Amino acid sequence: MKMAAPMPVGAFLLSEVQEDSLYRDEGLCVLGIFGKSSLQPGSAKESLINTLADKHVFPLFGAEQDEETPDGGSLIRAYYNQESRVLYLLLTSVCDNRELLRACEALEAGISHAEAHEVWKGAERQQCLHLLYLFSLCHVLLLVHPTCSFDVTYDRLFRALDALRQKALPLLRAAIKDCPVSKEWKLNCRPCPPRLLFVFQLNGALKVSSGGAGMGTASAEAPGGNPEKPKKHSPRRRLQHALEDQIYRIFRKSRVLTNQSINCLFTVPANQAFVYVVPGPEEDPVGALLGQLRANCALRENESPGPMTGPRRYQQLRHSPRQPSFNVESSSLTSAGGGQLVDCTLKEFLWQHVELVLTKKGFDDSVGRNPQPSHFELPTYTKWAQVASRLYQVMLAGKEEDSAELALKVQGQLKVLEGFLDADAKFSESRCQKALPLAHSAYQSSLPHNYTTTVHKNQLAQTLRVYSQHARGVAFQRCALQLHDDCYKFWSNGHQLCEERSLTDQHCMHKFHLLPKTGEKPEMDRNPPVLHHNSRGRSTSSCNCGRKQAPRDDPFDIKAANYDFYQLLEEKCCSKLEHTHFPVFQPSTPDPAPARNDPPGPPDTGGEAEGERLKDKEEAAGHTPGESTSLSLALSLGQSTDSLGPYGGGDGAGGQEKRPSLVDRQPSTVEYLPGMLHSGCPKGLLPTFSSWSLVKLGPAKAYNCHSGLDQPGFLPGSAFLLPWDIVIRCRAEEEVGQAEPLDAGPSSWPAPNKALPGKRGGAGGQARGRRRDDVARAFVGFEYEDGRGRRCMSSGPDKVVKVLGPGGPKEPAGRVLSSDMPLYIPSPAQGRGLKPHYAQLARLYIVVPDAPLEIILTPQVQPGPPPCPIFHPERAEIVLPPDGLWVLRFPYAYVTERGPCYPPKENQPLASYRALRGILRASTANPAPPPLQQQ
């Protein structure tokens with residue numbers, strides 16, 4: 001095929017070019033064009049080829065996009081002009097406006113700065129590979145720049161290309177070792193050291209006007225010059241000479257150019273011009289086009305009209321009067337009036353270098369005392385195409401199997417370019433590396449030896465703020481991740497504090513450790529060490545009955561908090577007392593498992609609380625310790641039909657009492673409750689131990705109302721129980737045994753020495769002859785204990801019992817029984833510190849008199865604001881028989897399946913932590929029937 005239009009170099013090398021017989025054995029000059037384009041719509045590089053070939057090769061406003069690479073990267077287009085024996089290779093990269101716009105459109109919206117930087121650097125690396133391809137195949141290279149000032153970034157680019165060429169040279173030699181070219185070409189992987197020429201465009205910095213016989217004169221002379229005396233060279237030529245000196249000095253300083261041209265990436269001529277400045281566009285474009293048309297249609301006077309034939313037709317082209325489209329100056333090189341030399345055209349500037357190639361003279365650009373001659377070869381198109389195809393497969397395509405391995409190795413050598421091209425990344429890396437030590441110092445400042453995750457995150461946030469003040473550039477994100485990892489490694493390497501919190505919301509003071517297994521001893525020397533949790537917190541607590549106090553460690557386990565400590569004191573104090581045992585889990589298999597079903601949400605403690613308590617009374621009637629051994633098959637498999645918890649709502653059956661089913665009555669013996677029993681637990685599960693305790697200190701007379709309790713730790717005047725007067729009424733035989741609720745109402749406990757209607761002194765007169773023992777006196781005391789073992793009784797939600805004289809307290813127990821008692825109160829023995837100390841509800845003392853009555857105990861505790869569940873013992877209702885001094889110990893800590901309910905903080909209201917009202921109520925016992933009187 002004949003070259004009628006430019007095409008991508010890959011398709012060009014695969015096509016079969018039909019050369020004329022006159023030029024088949026002639027050599028060709030390969031001319032490469034690269035550089036940058038201005039903001040104007042037309043490309044200066046493409047218009048240069050149109051001017052040099054005297055043909056409309058490229059369209060005026062740019063060609064359509066060639067799909068040579070799928071990612072739209074840099075492209076090389078080839079055009080072969082057989083008449084002039086010049087093969088043009090045009091490189092279009094992201095430095096051109098058209099490709100730059102396409103690259104910007106390809107970037108997705110919202111891409112990060114570092115990712116965008118990688119995209120641009122990838123495009124620059126591909127551009128460098130294409131440039132190396134041009135420098136390996138071309139005789140002459142033309143660098144086009146849109147301004148009239150030299151871009152010093154080319155110095156860094158050429159040094160990067162030179163380093164890349166030296167690294168890839170063995171690979172390129174292996175690729176062309178079988179090509180029919182000379183040994184020098186195979187050794188150096190290029191036909192000759194290419195000569196680099198520069199074409200700049202005048203962009204308004206220097207105004208040039210035409211005058212006389214095409215003579216260029218300056219519109220304004222330099223300061224200090226003599227405007228009457230004309231210069232030998234025009235301002236544009238003087239600018240070209242200045243640029244040549246500047247470029248040569250820069251390349252010599254950076255050693256891009258040396259004395260021996262054979263070792264250089266490219267050469268520049270020593271005695272020829274290698275910089276050309278294209279004048280700006282004329283102000284009259286119509287006149288410029290007409291002048292160009294006249295120049296193209298006219299012939300020289302000394303030229304014959306007949307066409308010239310022969311292989312040297314480029315001489316005719318060299319002396320042709322045709323001018324570039326952007327220059328209308330005369331092509332004459334003779335002196336004009338005034339002795340000023342006339343500027344040459346671009347074609348004349350370039351053809352003096354092309355002629356050295358086509359005449360096989362080559363370039364002798366080495367300088368110095370002992371210059372070494374450089375090799376030169378003028379190939380035919382067939383030989384050049386073979387070398388170009390092999391290099392294309394290795395450097396640009398890499399699709400064929402025989403060249404794929406070499407292509408991968410060449411791609412691997414692109415790392416050499418990073419230090420030269422990526423200067424901003426290099427600066428960013430250096431800047432971020434300097435910021436890292438400052439950030440590490442900020443992280444480690446004011447740090448304890450061991451600290452928690454919260455402290456680590458706070459320090460890390462401060463560290464990143466310090467880092468962001470100093471770090472800049474594309475390496476910011478990567479170094480920030482490195483800083484994050486370094487801080488985490490520092491923290492986890494012996495500085496990580498144990499994250500476990502005690503049941504009183506205090507951290508373990510040990511560094512990260514493992515818990516010892518059953519029967520295993522603690523080992524400090526292991527990594528990580530094997531230790532028990534310890535917060536260094538110690539408090540003083542009393543035993544189940546309250547008669548002995550002992551120090552205790554801050555508990556991390558619910559069993560240690562509510563069971564183990566009190567069991568240790570049982571042997572010393574409470575073991576001989578009468579205990580009320582609560583039902584616990586009784587395993588029927590050797591390996592029982594904790595329940596895994598998720599606990600339902602805690603019920604509302606508002607208006608449904610009363611209905612929940614009533615239902616719980618009905619269900620508690622079937623819970624006895626003896627029934628826990630018999631099981632149905634459903635319960636043996638751990639199944640439950642009710643997941644509403646012990647305080648779920650009723651079925652609305654019109655007040656009819658629902659008989660408890662077997663599932664409700666029998667607890668499971670294969671699954672146990674891992675935490676404490678509360679209103680959110682599933683039915684049929686029991687814990688392995690009870691967190692509550694109920695013991696009997698002795699008979700009712702064991703309590704002396706005048707001296708109070710004889711136990712340690714009580715504040716002076718605070719060891720007294722509150723009196724509770726319970727009226728024992730005479731009833732009919734069918735009413736005997738029915739419960740009489742005593743909830744602090746006016747009919748529950750009248751004031752002493754006050755008569756009731758229908759009783760002694762009443763209107764009926766039936767009880768006129770009774771004794772005054774119809775009112776039984778019980779005693780109640782809510783005991784609070786702080787962390788230092790100081791104890792006190794409470795006479796109301798906001799009042800502490802304090803008896804100054806003999807006779808005991810005067811306040812009745814009605815207020816404490818009819819109110820929600822707080823679970824925590826400010827300690828009455830506060831120190832001088834600013835941090836408040838709280839006393840916790842620890843025990844409930846009940847003195848049941850020796851009278852025909854029973855007191856029913858239904859403790860319910862809500863240790864937090866809603867939706868915190870309600871805790872209760874394993875027996876929801878406990879009947880206290882007459883004549884006894886009973887002590888109910890509340891749990892030390894409250895824990896659900898979701899975690900512990902921590903004590904209140906300083907800013908949390910104490911009213912949300914409470915023991916619900918209705919904890920005690922009295923019931924008349926069944927008296928013996930009166931003897932029958934004989935008449």
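Residues numbered from 1 in each chain as written. Predicted model: local features only at pLDDT ≥ 70, side-chain atom pairs only at ≥ 80, totals over all residues. Heavy atoms only, no water.

Participant: How do you make sense of helix 10 (residues 346–358) when you look at a structure like this?
Facilitator: Because each turn of an α-helix spans 3.6 residues, side chains separated by three or four positions in sequence point in the same direction. Helix length check: helix 10, at 13 residues, gives a terminal C-alpha distance of 18 Å against a target of 18 Å (1.5 Å per residue), a fit within 8%. Where burial is concerned, most of helix 10 is hidden: eleven out of the 13 residues are buried. For helix 10, the set of buried residues is Leu346, Lys347, Glu348, Phe349, Leu350, Trp351, His353, Val354, Leu356, Val357 and Leu358. Immediately beyond the C-terminal end of helix 10, within one or two residues, lies Lys360, with a positive phi of roughly 65 degrees. (Helix = DSSP H or I, 4+ residues; strand = E, 2+ residues; numbered from the N terminus. Expected span 1.5 Å × (residues − 1). Buried < 20%, exposed > 50% of the residue type's maximum accessible area, 1.4 Å probe, protein only.)

Participant: Mind showing me how you'd approach the pattern of salt bridges here?
Facilitator: Any two side chains of opposite charge can pair, given that their charged atoms come close. Inspection of every chain in the model, using the stated rule, returns 18 salt bridges. We note a salt bridge from Asp505 to Arg501, for which the minimum N-O separation is 2.5 Å. A salt bridge links Asp725 to Arg777, with the nearest nitrogen and oxygen atoms 2.7 Å apart. In this pair, Asp725 sits in strand 16 (residues 722–727) while Arg777 sits in strand 17 (residues 775–785), placing the two residues 52 residues apart along the sequence. (Salt bridge = Lys/Arg side-chain N within 4 Å of Asp/Glu carboxyl O.)

Participant: Honestly, the nonpolar core in this entry has me stumped. Any pointers?
Facilitator: The nonpolar side chains of a soluble globular protein tend to be buried, and buried together. In this structure, Phe12, Phe34, Tyr133, Phe158, Phe198, Phe266 and Trp384 are the most contacted members of the largest nonpolar core, which totals 106 residues. Ranked by the residues each element gives to this core, the list is headed by helix 5 (residues 153–175), at eleven residues. Among the nonpolar cores identified, the runner-up in size contains 79 residues, and Phe565, Leu694, Ala776 and Ala915 belong to it. (Core = buried A, V, L, I, M, F, W, Y, C linked by side-chain atoms within 4.5 Å.)

Participant: Explanation requested: the side chain of Thr267 in the structure shown.
Facilitator: Mapped onto the elements of the fold, Thr267 is located in the loop between helix 7 (235–253) and strand 9 (275–278). In this structure Thr267 touches Pro193, Pro194, Arg195, Leu196, Leu257, Ser261 and Asp365, once residues within four positions along its chain are discounted. (Contact = heavy atoms within 4.5 Å.)

Participant: Sorry, what's going on with helix 14 (residues 423–444) here?
Facilitator: Taking 1.5 Å of rise per residue, the 22 residues of helix 14 would be expected to cover 32 Å, and the 32 Å separating its terminal C-alpha atoms lies within 8% of that figure. Among all positions in helix 14, only Ala425, Ser428, Cys432, Ala435, Leu436, Ala439, Ala442 and Tyr443 are buried. Looking one or two residues beyond helix 14, the residue adopting positive phi is Ser446, at roughly 60 degrees.

Participant: How do you make sense of the pairing of strand 6 (residues 195–201) when you look at a structure like this?
Facilitator: Along any regular strand the residues' side chains alternate between the sheet's two faces. Counted residue by residue, strand 6 has six buried out of seven residues, so it is predominantly covered. Bridge count between strand 5 (residues 140–145) and strand 6: six bridges; the pairing is parallel. Its bridge partner being in strand 6, Leu141 is matched across the sheet by Leu196. As paired strands, strand 6 and strand 9 are joined by four bridges and run parallel to one another. Looking at the pairing, Phe200 lines up with Val277 of strand 9. (Pairing = 2+ DSSP bridges.)

Participant: What's the story with the sheet that holds strand 23 (residues 853–857) in this structure? I'm lost.
Facilitator: By way of backbone hydrogen bonds, the strands of a sheet pair with one another, either parallel or antiparallel. Strand order in the open sheet formed by three strands is 25-23-30, and the pairing between neighbours is antiparallel. A strand with exactly one partner marks an edge of an open sheet, and here the two such strands are strand 25 (878–880) and strand 30 (920–924). The mean inter-strand angle of the sheet, taken between neighbouring strand axes irrespective of direction, is 30 degrees. Where strand 23 and strand 30 come together, five bridges link them in antiparallel fashion. Residue pairing in the sheet places Leu853 in a bridge with Thr924 of strand 30. (Axes fitted to C-alpha atoms, helices over the stretch in contact; angles between N-to-C directions.)

Participant: Can you help me understand the packing of aromatic side chains in this one?
Facilitator: Any aromatic ring pair is given by two values, namely how distant the centres are and how the planes are angled relative to each other. One pass over the full model with this rule turns up 31 aromatic pairs. Plain terms: the ring middles of Tyr443 and Tyr451 are 6.4 Å apart, the flat faces sit at 70 degrees to each other, and that makes the pair edge-to-face. Considered together, Tyr443 and Tyr451 belong to a single accessibility category, that of buried residues. Aromatic ring contacts, followed pair by pair, group Phe34, Phe135, Phe150, Tyr154, Phe158, Phe198, Phe200, Phe251, Phe266 and Phe274 into a single cluster. Above the plane of the ring of Trp351 lies Lys347, whose end atom (NZ or CZ) is 5.9 Å from the centre. (Phe/Tyr/Trp six-rings, centres within 6.5 Å; stacked < 30°, edge-to-face > 60°. Lys NZ or Arg CZ within 6 Å of the ring centre and 35° of its normal.)

Participant: What should I look at first to understand the sheet that holds strand 20 (residues 821–822) in this one?
Facilitator: The three strands are arranged 20-29-24 in an open sheet whose pairing can be described as antiparallel. Looking at the sheet topology across the chains shown, the edges are occupied by strand 20 and strand 24 (861–863). In terms of strand pairing, strand 20 meets strand 29 (residues 913–915) through two bridges, oriented antiparallel. Bridging across to strand 29, Pro822 finds its partner in Arg914.

Participant: It is not clear to me how the layout of surface pockets should be interpreted in this structure. Could you clarify?
Facilitator: Space left empty within the atom packing is revealed by a probe, the size of a water molecule, rolled over the atoms. Empty space within the second largest pocket amounts to approximately 990 Å³. What lines the second largest pocket is a set of 39 residues, and nearest its centre among them are Thr504, Gln506, Gly787, Tyr838 and Pro903. For the lining of the second largest pocket, the elements supplying multiple residues, two or more each, are strand 10 (538–542), strand 11 (549–553) and strand 22 (838–848). Among the elements that line the lining of the second largest pocket, the one with the most residues is strand 22, at six residues. Its residues assigned to classes, the lining of the second largest pocket shows 16 nonpolar, nine polar and 14 charged. (1 Å grid on protein atoms, 1.4 Å probe; cavity = no way out; pocket = protein on both sides within 12 Å on 5 of 7 lines; lining within 4 Å. Points joined across faces, edges and corners; volume = space filled by probe spheres on them. Nonpolar A, V, L, I, M, F, W, Y, C, P; charged D, E, K, R; others polar.)

Participant: What is the right way to look at a nonpolar patch on the surface in this model?
Facilitator: A grouping of Val286, Leu290 and Leu293 is seen on the molecular surface, where their side chains present a nonpolar patch of about 290 Å² in accessible area. Note on placement: Val286 falls in helix 8 (residues 285–297). With relative accessibility at 53%, the residue Val286 sits in the exposed group. (Patch = residues over 30% accessible without salt bridge, like charges linked within 9 Å, V, L, I, M, F, W, Y side chains within 5 Å. Areas by Shrake-Rupley, 256 points an atom, 1.4 Å probe, with all protein chains shown as cover.)

Participant: Honestly, the state of the cysteines in this entry has me stumped. Any pointers?
Facilitator: Each disulfide is one covalent bond, formed between the sulfur atoms of two cysteines. Counted under the stated rule, the structure contains zero disulfides. Here Cys868 stays free of any disulfide, with the sulfur of Cys901 as its closest cysteine sulfur at 3.9 Å. Residue Cys868 is classed as buried on the basis of its relative accessible area, which comes to 9%. (Disulfide = S-S within 2.5 Å.)

Participant: Sorry, what's going on with the confidence of the model for the protein chain here?
Facilitator: Low-confidence regions, as indicated by low pLDDT, have predicted coordinates that should not be scrutinised in detail. Summing up the model confidence of the protein chain, the mean pLDDT is 76 and the portion of residues at 70 or higher is 74%. Taken together, the stretch residues 305–338 has pLDDT below 50 and engages in 73 contacts with residues farther than four places along the chain or on a different chain. Scored below 50 in pLDDT, residues 731–773 shows 59 contacts in the model against residues more than four places distant or in partner chains. (pLDDT = per-residue confidence, 0-100.)

Participant: What is the right way to read the pairing of strand 17 from this model?
Facilitator: With nine of eleven residues buried, strand 17 is to be regarded as a mostly interior element. Looking at chain direction, strand 16 and strand 17 are connected through six bridges and run antiparallel. Bridging from a neighbouring strand, Asp725 pairs with Arg777 of strand 17.

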